[in-house]
Amino acid sequence: MTLAPTSRSLQSMCNLYKLKNMSREVAATFGARDAAVNSNHGAEVYPGTPGLVVAEGEVRQMNWGFPLALTGKKGRALKPRPVNNARTDKLRGPFWRDSDEWGPCYSMVTTEASAAVEAVHHRMPMILPRDLWPDWTSADTKEGFERCAPWVGQLTIKRTDEG
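One structure accompanies this document, and this report is about it. Quantities reported herein were computed from a predicted structural model and do not represent experimental measurements.

Analysis parameters
- Residues numbered from 1 in each chain as written.
- Predicted model: local features only at pLDDT ≥ 70, side-chain atom pairs only at ≥ 80, totals over all residues.
- Heavy atoms only, no water.
- Pairing = 2+ DSSP bridges.
- Helix = DSSP H or I, 4+ residues; strand = E, 2+ residues; numbered from the N terminus.
- Core = buried A, V, L, I, M, F, W, Y, C linked by side-chain atoms within 4.5 Å.
- Buried < 20%, exposed > 50% of the residue type's maximum accessible area, 1.4 Å probe, protein only.
- Contact = heavy atoms within 4.5 Å.
- Axes fitted to C-alpha atoms, helices over the stretch in contact; angles between N-to-C directions.
- Arc of directions from axis to C-beta.
- Phe/Tyr/Trp six-rings, centres within 6.5 Å; stacked < 30°, edge-to-face > 60°.
- Lys NZ or Arg CZ within 6 Å of the ring centre and 35° of its normal.
- Salt bridge = Lys/Arg side-chain N within 4 Å of Asp/Glu carboxyl O.

## Topic: the pairing of strand 12 (residues 103-106)
- The pairing of strand 7 (residues 58-64) with strand 12 spans two bridges and is parallel. Opposite Trp64, over in strand 12, you have Tyr106 as the bridge partner.
- Count of turn residues in the strand 11 (residues 96-99)/strand 12 antiparallel hairpin: three residues.

In structure tokens:
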């Protein structure tokens, strides 16, 4: 399944999203500085791989997923697993942070499903109306969290062979 607001170039699934825009285009859209000019992000972004984030007035490259520390049966540390979705009712700070394991990282933020999506899944990626962009791309996200709600605009949902 892909999910995208109509007339946008972002497609999303639980473990893959596509962003076909160059960092300079993302920066222009958000009125941000392009700090990802020479980044190696791909158009298809999977958990644990680099993607673009608008944070504190800049477009930056970060790794998708917060590292989740795991331990094996004998208590030994295992390779961290990326936690790529953070629920709006659980996340209480910016959706990006620095980590010891991977450096700058971010999470997709999910909320309750809109009417268009609920037949497919009970949650969906948070799609931000333009007036919320400053609340979510600054370091102080409190007002943005208080205004979290499922998308009420039109959505295009296309089923794929993957689900």
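## Let's talk about the nonpolar core
- Grouped together as the largest cluster of nonpolar side chains are 30 residues, with contacts concentrated most on Val59, Phe95, Tyr106 and Trp136.
- Those residues in contact with Phe95 that sit more than four places away from it in its chain are Val53, Val54, Phe66, Cys105, Tyr106, Ser107, Val109 and Trp136.
- Counting six residues, the second-largest nonpolar core is a separate cluster that includes Ala113, Val117, Ile127 and Leu155.

## Looking at the sheet that holds strand 10 (residues 85-87)
- Read from one edge to the other, the open sheet built from three strands follows the order 10-13-14, with strand pairing classed as mixed. One side of each edge strand has no neighbouring strand; the edge strands of this open sheet are strand 10 and strand 14 (123-125). Mean inter-strand twist for the sheet, computed between neighbouring axes without regard to direction, equals 40°.
- In this sheet, strand 13 (residues 108-112) lies alongside strand 10 in parallel orientation, the contact comprising three bridges. Residue Asn85 lies in a different strand from strand 13, and its bridge partner there is Met108.

## A closer look at helix 1 (residues 23-30)
- Of all the positions in helix 1, only Ser23, Val26 and Ala27 are classed as buried. What you see down the axis of helix 1 is that its buried residues fit within an arc of 100°, all on one side. Away from its buried face by more than 90 degrees, helix 1 exposes Arg24 and Ala28.
- Of the surrounding elements, those touching the buried residues of helix 1 are strand 3 (16-19), strand 4 (33-34), strand 6 (50-55) and strand 7.
- Backbone geometry just downstream of helix 1 places Gly31 in the positive-phi region, at approximately 65°.

## Observations regarding unusual backbone geometry
- In this structure, Glu56 is a non-glycine residue whose phi angle is positive, near 50°.
- Mapped onto the secondary structure, Glu56 falls in the loop between strand 6 and strand 7.

## A word on the packing of aromatic side chains
- For the structure on display, the rule yields three aromatic pairs.
- Aromatic side chains Tyr17 and Trp64 sit 5.0 Å apart centroid to centroid with 70° between the ring planes, which places their arrangement in the edge-to-face category. Of this pair, Tyr17 sits in strand 3 while Trp64 is found in strand 7, placing the two residues 47 residues apart along the sequence.
- In this structure, Arg97 packs its charged tip against the face of Phe66, placed 3.7 Å from the ring centre.

## Looking at the side chain of Ser107
- Residue placement: Ser107 occurs in the loop between strand 12 and strand 13.
- In contact with Ser107, not counting residues within four places along its chain, are Trp64, Phe66, Val83, Asn84, Asn85, Ala86 and Phe95.

## As for the environment of Thr110
- Checked against the element boundaries, Thr110 lands in strand 13.
- Residues Thr110 and Cys148, 38 residues apart in the sequence, show an inter-C-alpha distance of 9.5 Å.

## Brief notes about the pattern of salt bridges
- A full pass over the atoms with the stated rule returns four salt bridges.
- A salt bridge links Lys18 to Glu44, with the shortest nitrogen-to-oxygen separation between them at 3.7 Å. Taken together, the residues span a long stretch of sequence, with Lys18 in strand 3 and Glu44 in strand 5 (residues 44-45) at a distance of 26 residues.
- The exposure class assigned to Glu44 is partly exposed, which follows from its relative accessible area of 41%.
- The closest approach of N and O atoms between Glu58 and Arg33, which form a salt bridge, is 2.3 Å. In this pair, Glu58 is assigned in strand 7 and Arg33 in strand 4, connecting sequence segments 25 residues apart.

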